[in-house]
Amino acid sequence: MVLQTKLQLEAMVRRPDAEKVGRQAITHSPTLTVAVFEAWFFRLAISNLSNTPARDVQVYLKRIEKVDGTVVEKFTPMHLRWTNTTSSHAKCC
């Protein structure tokens, strides 16, 4: 019998869980170019909804949808890093 863990991710778009900051990127080839843009940083809550312990968990954020169901187009999929460890894999619960 294989036991499965069910995880739930929750994101709040408000402080202290979300922060919008200004960023800039400078390139030097072939000419000097400065791009100014906004970046968002989020603290995500991940909960284990099952009775099975979550071990060696890795979270990959594949896409982002707004509450109205529209997909955020300017987003790079990524593996998320746990804040309570130096590893991208969690050994918890």
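Preceding this section is the structure that the text describes.
These numbers were taken from a predicted model, which means no experiment stands behind them.

(A) Quick look at the pattern of salt bridges. With the rule as written, the count across this model stands at four salt bridges. Across the pair E38 and K20 runs a salt bridge whose closest N-O atoms are separated by 3.6 Å. Taken as a pair, E38 in strand β3 (residues 33–42) and K20 in strand β2 (residues 18–27) lie far apart in primary sequence, 18 residues in all. Between R63 and E65 there is a salt bridge, with its nearest N and O atoms 2.4 Å apart. Among the residues examined, E65 registers a relative accessible area of 45% and is labelled partly exposed.

(B) Broad picture of the side chain of T52. Structurally, T52 can be placed in the loop between β4 (44–48) and β5 (55–57). Setting aside residues up to four positions removed in sequence, T52 forms contacts with L3, Q4 and T5.

(C) Fine view of the packing of aromatic side chains. Evaluated as defined, the whole model comprises one aromatic pair. Pairing W40 with F42 gives two aromatic rings, centres 5.8 Å apart and planes at 15°, and the pair type is stacked. Taking the relative accessible area as the measure of exposure, F42 reaches 40% and is therefore partly exposed.

Definitions and limits used
- Residues numbered from 1 in each chain as written.
- Predicted model: local features only at pLDDT ≥ 70, side-chain atom pairs only at ≥ 80, totals over all residues.
- Heavy atoms only, no water.
- Salt bridge = Lys/Arg side-chain N within 4 Å of Asp/Glu carboxyl O.
- Helix = DSSP H or I, 4+ residues; strand = E, 2+ residues; numbered from the N terminus.
- Buried < 20%, exposed > 50% of the residue type's maximum accessible area, 1.4 Å probe, protein only.
- Contact = heavy atoms within 4.5 Å.
- Phe/Tyr/Trp six-rings, centres within 6.5 Å; stacked < 30°, edge-to-face > 60°.

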